[in-house]
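Here is what each chain is made of, one letter per residue.
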Amino acid sequence: MRLRNDRAGYGSVSIGLHWLIALVFLAQILLGVVMTRILPETAVATFWAYQWHKSFGLLLLLLSALRLVWMLVETRPVNLAGHGSALAAGVVHRSLLFAPILIAFAGWIIVSVSPLGIPTFAFNLFVVPHLPLVPGDGAETRAIAVHRWLAYGTAIVVAIHIAAALMHHFRWRDGTMARMLPRCRQSAGNDR
């Protein structure tokens, strides 16, 4: 498998980043629901759920920034002719490129403006400094709302993305989805 993209398809770096970001994002949505809707607010497990959510949020921020840089410097495969709206696909892809970065920053803002001042223990390895923002209940409430709406809105866009990928694969059979599946990409033998 090629490491880099070419005009025919995606390389293993793009494919790996795509699926890793997707996995972390979906896990974050589930963890966010569990920690805010299921676990009791005062439980020790809730504290650690928040710490893991913040840790994976920072990982999502790093992976998404790396993916953005990779996409800017890497060859973009040719769009396969066929079905669907190129405009809609472009909006969805750009949304999925920038949304994880915005969601993660909104989460970091929540932690930074919280009057509680609870530190972030990234994967229990080191403390992540807060952003230089003024703490306050109003700022925290607004940041939570932005974080939540961005996350749920992105989850809806992800569902649209998945539905479109499945339509391309099963209804139109045009090879669009196959280009992002590692086992479907033919080995070129000349990684560059």
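One can find the structure itself at the top, above this paragraph.
Note that the coordinates shown come from a computational prediction; the quantities given were computed from them, not determined experimentally.

(A) Spatial organisation of the overall build of the protein. Each helix and strand counted, the protein has four helices and two strands in total. Listing the helices and strands of the protein from first to last along the sequence gives α-α-α-β-β-α. On the principal axes, the C-alpha backbone points of the protein span a range of 50 × 35 × 30 Å. Relative to its 192 residues, the protein shows a buried fraction of 34%. Contacts in the protein between residues far apart in sequence, at least 24 positions, make up 74% of those at least 6 positions apart. Carbon and sulfur atoms make up 71% of the accessible area of the protein, which totals about 11,700 Å². Positive and negative side-chain charges of the protein, numbering 16 and 7 respectively, have mean locations separated by a distance of 9 Å.

(B) Structural view of the packing of aromatic side chains. Taken as a whole, this structure holds five aromatic pairs when the rule is applied. Seen from their ring centres, Trp52 and Phe123 are 5.7 Å apart, and the 65 degrees between their planes marks the pair as edge-to-face. Pair noted here: Trp52 is in helix α2 (residues 44-73) and Phe123 is in the loop between β1 (120-122) and β2 (126-128), with a separation of 71 residues, a long-range link. Exposure remark for Trp52: the relative accessible area of 39% places this residue in the partly exposed category. Under the relative-accessibility criterion, Phe123 is labelled partly exposed at 29%. Taken together, the ring pairs connect Trp52, Phe56 and Phe123 into an aromatic cluster.

(C) Layout of helix α3 (residues 86-113). Here α3 contains 28 residues, and its C-alpha end-to-end distance of 40 Å stays within 8% of the 40 Å for a straight helix at 1.5 Å per residue. Phe98 marks where α3 bends most, by close to 30 degrees; the proline Pro100 follows one to four residues later.

(D) Structural view of the side chain of Gln28. Mapped onto the secondary structure, Gln28 falls in helix α1 (residues 12-38). When near neighbours in sequence (up to four residues on either side) are disregarded, Gln28 contacts Trp52, His53, Phe56 and Gly57.

Conventions we followed
Residues numbered from 1 in each chain as written. Predicted model: local features only at pLDDT ≥ 70, side-chain atom pairs only at ≥ 80, totals over all residues. Heavy atoms only, no water. Helix = DSSP H or I, 4+ residues; strand = E, 2+ residues; numbered from the N terminus. Buried < 20%, exposed > 50% of the residue type's maximum accessible area, 1.4 Å probe, protein only. Contact = heavy atoms within 4.5 Å. Areas by Shrake-Rupley, 256 points an atom, 1.4 Å probe, with all protein chains shown as cover. Lys, Arg positive; Asp, Glu negative; His and termini not counted. Charge placed at Lys NZ, Arg CZ, Asp CG, Glu CD. Phe/Tyr/Trp six-rings, centres within 6.5 Å; stacked < 30°, edge-to-face > 60°. Expected span 1.5 Å × (residues − 1). Bend = angle between axes of the 7 residues up to and from the residue.

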